[in-house]
Amino acid sequence: MTAAPRDLRQLLADAATALPGVEGRHEAELLLLHVLGKPRSWLFAHATDPVEAGDVAAFHALLARRVAGEPVAYLLGHRGFWTLDLAVSPATLIPRPETELLVELALARLPVDTALAVADLGTGSGAIALALASERPQADVTATDLSAAALDVARGNAARNGLARVRFVQGAWFAPLQGMRFDLIASNPPYIASNDPHLQQGDLRHEPATALASGIDGLDDIRLIVAGAGAHLLPGGWLLIEHGWDQGAAIRALFEHAGFEQVHTERDLEQRDRVTRGCLPGVR
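Thresholds, definitions, all that
- What you see as residue numbers is a count from 1 along each chain, following the sequence as written.
- Two thresholds apply to this predicted model, a pLDDT of at least 70 for residue-level local features and 80 or more for giving and counting side-chain atom pairs, whereas whole-chain, interface and lining totals are computed over all residues.
- With hydrogens and water set aside, each side-chain value is computed from the structure's full complement of heavy atoms.
- Here a strand is any run of E in DSSP of at least two residues, a helix any run of H or I of at least four, and the numbering for each starts at the N terminus.
- Buried, partly exposed and exposed residues are distinguished by accessible area as a fraction of the type maximum, computed with a 1.4 Å probe on protein chains only: under 20%, between the cut-offs, and over 50%, respectively.
- We call two residues contacting when some pair of their heavy atoms lies within 4.5 Å.
- Note that accessible areas follow from Shrake-Rupley with a 1.4 Å probe, and for residues the cover is restricted to the protein chains shown.
- Inter-axis angles, ranging from 0 to 180 degrees, are taken between N-to-C directions of lines fitted to C-alpha atoms, where helices are fitted over the stretch in contact.
- For classification, angles of less than 35 degrees are called roughly parallel, those exceeding 145 degrees roughly antiparallel, those between 65 and 115 degrees roughly perpendicular, and all remaining angles oblique.
- The crossing is said to be left-handed when, going from far helix to near helix, the turn is anticlockwise and less than a right angle, and right-handed when the turn is clockwise.
- Here the nonpolar group is Ala, Val, Leu, Ile, Met, Phe, Trp, Tyr, Cys and Pro; Asp, Glu, Lys and Arg are the charged ones; every other residue, Gly included, is treated as polar.
- Classification of ring pairs uses Phe, Tyr and Trp, with its six-membered ring standing for Trp, and accepts pairs whose centres are within 6.5 Å; under 30 degrees between planes counts as stacked, over 60 as edge-to-face, and the remaining range as tilted.
- Each ring is checked for a lysine NZ or an arginine CZ that lies within 6 Å of its centre and within 35 degrees of its normal; such an atom marks a charge sitting over the ring.
- Note on pairing: two strands pair once DSSP finds at least 2 bridges between them.

**A short note on the overall build of the protein**
Here's step 1: A count of helical and extended segments in the protein gives 10 helices and 11 strands.
Here's step 2: Taking the principal axes of the C-alpha coordinates as reference, the protein spans close to 80 × 40 × 35 Å.
Here's step 3: Across the 284 residues that make up the protein, the buried fraction comes to 48%.
Here's step 4: A fraction of 65% describes how many contacts in the protein between residues 6 or more apart in sequence connect residues 24 or more apart.
Here's step 5: Carbon and sulfur atoms make up 55% of the accessible area of the protein, which totals about 13400 Å².

This is the structure in structure tokens:
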């Protein structure tokens, strides 16, 4: 005798036992709607609809991968950031809401309707560069990354969001930017200590380690960026770097040692140090 088709409500109730909690229920909904190709608003009016056996199997396969620890963003293949929908892959970090503070602070220093030069170092999926380009269409944005695979994802995201004025170049930090100077440089570099146990927990286990960890104190790459930024900023230009909650004092010291002025660390919504910024002396 053929089993009765499962409906959406039953599938999600079963999934709640594998992914418990409010966040788990939300993740299960995202995975099921991804399989069905439907928006979340559709779910509430169709909770008792039967689900085809093939879709049930596909949902269970994704659910098993999530239970095993794979990030939802990688399973879906995309993640929202700022006003954009960005493709992501295991070659890129998953864009996170806290990085939007870096975008906000950068935009506050980029006048509207002005031709400016902006750089995003270690762009990954292109999140920062593309968010800035979407809000400042007259700016020339250059994004760098050491990973060719990450740059392929970023270029695809520029195309899917219609942001043609972003240039992507391969290389570590300032290496592909010889002779270039910018009004603003932004970066969300690796800043986790290489021996931090969190690297072996949760979603971080599946994200590229080279985009997460940077030396015994997490500051190796930030030291390189701060030390090299002066040669690539115009007078009066800004450097903004996202970092860990306990690194603000150390990074302010790096900025000040490199000669930056107006050095300040901004806190995120949870009142944790998140972004340090400084201005290169001089007048544009």
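From this point, the discussion proceeds with the structure in view.
**Digging into the packing of helix α6 (residues 100-107) against helix α7 (residues 127-135)**
Here's step 1: Contact geometry of α6 with α7 gives a least axis separation of 10 Å together with a crossing angle of 40°. With respect to their mutual orientation, α6 and α7 come out oblique. Here α6 runs over α7; the crossing is right-handed. Only Ile128, Ala131, Leu132 and Glu135 of α7 make contact with α6, whose side of the interface consists of Leu102, Val103, Ala106 and Leu107.
Here's step 2: Here the contact of α6 with α7 is built from residues that sort into 7 nonpolar, no polar and 1 charged.

**Details of the packing of helix α2 (residues 21-36) against helix α4 (residues 53-67)**
Here's step 1: Contact geometry for α2 and α4: axes closest at 9 Å, N-to-C directions at 140°. Here α2 lies oblique to α4, going by the angle between them. Crossing handedness for the pair α2 and α4: right-handed. Along the contact surface, α2 presents Glu27, Ala28, Leu31, Leu32, His34, Val35 and Leu36, while α4 presents Asp55, Ala58, Phe59, Leu62, Leu63 and Arg66.
Here's step 2: Of the residues belonging to the contact of α2 with α4, the class tally is 9 nonpolar, 1 polar and 3 charged.

**A word on the packing of aromatic side chains**
Here's step 1: Inspection of every chain in the model, using the stated rule, returns 1 aromatic pair.
Here's step 2: Judged by centre distance (5.3 Å) and plane angle (50°), the rings of Phe255 and Phe260 are tilted. Side by side, Phe255 and Phe260 carry an identical accessibility label, which is buried.
Here's step 3: Over the aromatic face of Trp238 sits the side chain of Arg109, whose NZ or CZ is 4.7 Å from the ring centroid.

**Observations concerning the pairing of strand β11 (residues 273-279)**
Here's step 1: Burial analysis of β11 places 7 of its 7 residues in the buried class, the great majority of the element.
Here's step 2: Inspection of the sheet shows strand β9 (residues 233-242) paired to β11 by 5 bridges, in the antiparallel sense. Across the sheet, Leu240 pairs through a bridge with Arg277, a residue of β11.
Here's step 3: Looking at chain direction, strand β10 (residues 261-267) and β11 are connected through 5 bridges and run antiparallel. Across the sheet, Glu261 pairs through a bridge with Cys279, a residue of β11.
Here's step 4: In this structure, the hairpin formed by β10 and β11 is closed by a connection of 5 residues, where Gln271 is found at a positive phi of approximately 60°.

**Things to note about the environment of Ala131**
Here's step 1: With respect to the helices and strands, Ala131 occurs in helix α7.
Here's step 2: Relative accessible area serves as the criterion here: at 0%, Ala131 is assigned to the buried category.
Here's step 3: Taking the C-alpha atoms as reference, Ala131 lies 7.4 Å from Thr83; in sequence the two are 48 residues apart.
Here's step 4: Filtering out sequence-adjacent residues up to four positions away, Ala131 remains in contact with Phe81, Trp82, Leu84 and Val103.

**A few points about the sheet that holds strand β7 (residues 166-170)**
Here's step 1: Read from one edge to the other, the open sheet built from 7 strands follows the order β7-β6-β5-β8-β9-β11-β10, with strand pairing classed as mixed. The open sheet is flanked by β7 and β10, the only strands paired with a single partner. Shown here is a sheet whose adjacent strand axes are inclined to one another by a mean of 15°, direction ignored.
Here's step 2: Note: strand β6 (residues 140-145) against β7, 5 bridges, orientation parallel. Its bridge partner lying in β7, Thr142 is registered against Arg167.

**Focus on unusual backbone geometry**
What you tend to see is this: most non-glycine residues have negative phi, and most peptide bonds are trans.
Here's step 1: The backbone of Asp113 shows a phi angle near 60°, a positive value even though the residue is not glycine.
Here's step 2: Residue placement: Asp113 occurs in the loop between α6 and β5 (117-121).
Here's step 3: The backbone of Gln271 shows a phi angle near 60°, a positive value even though the residue is not glycine.
Here's step 4: Along the chain, the position of Gln271 falls in the loop between β10 and β11.
Here's step 5: Classification of Gln271 by relative accessible area gives exposed; the value is 53%.

Any link to function would need more than the numbers given here.
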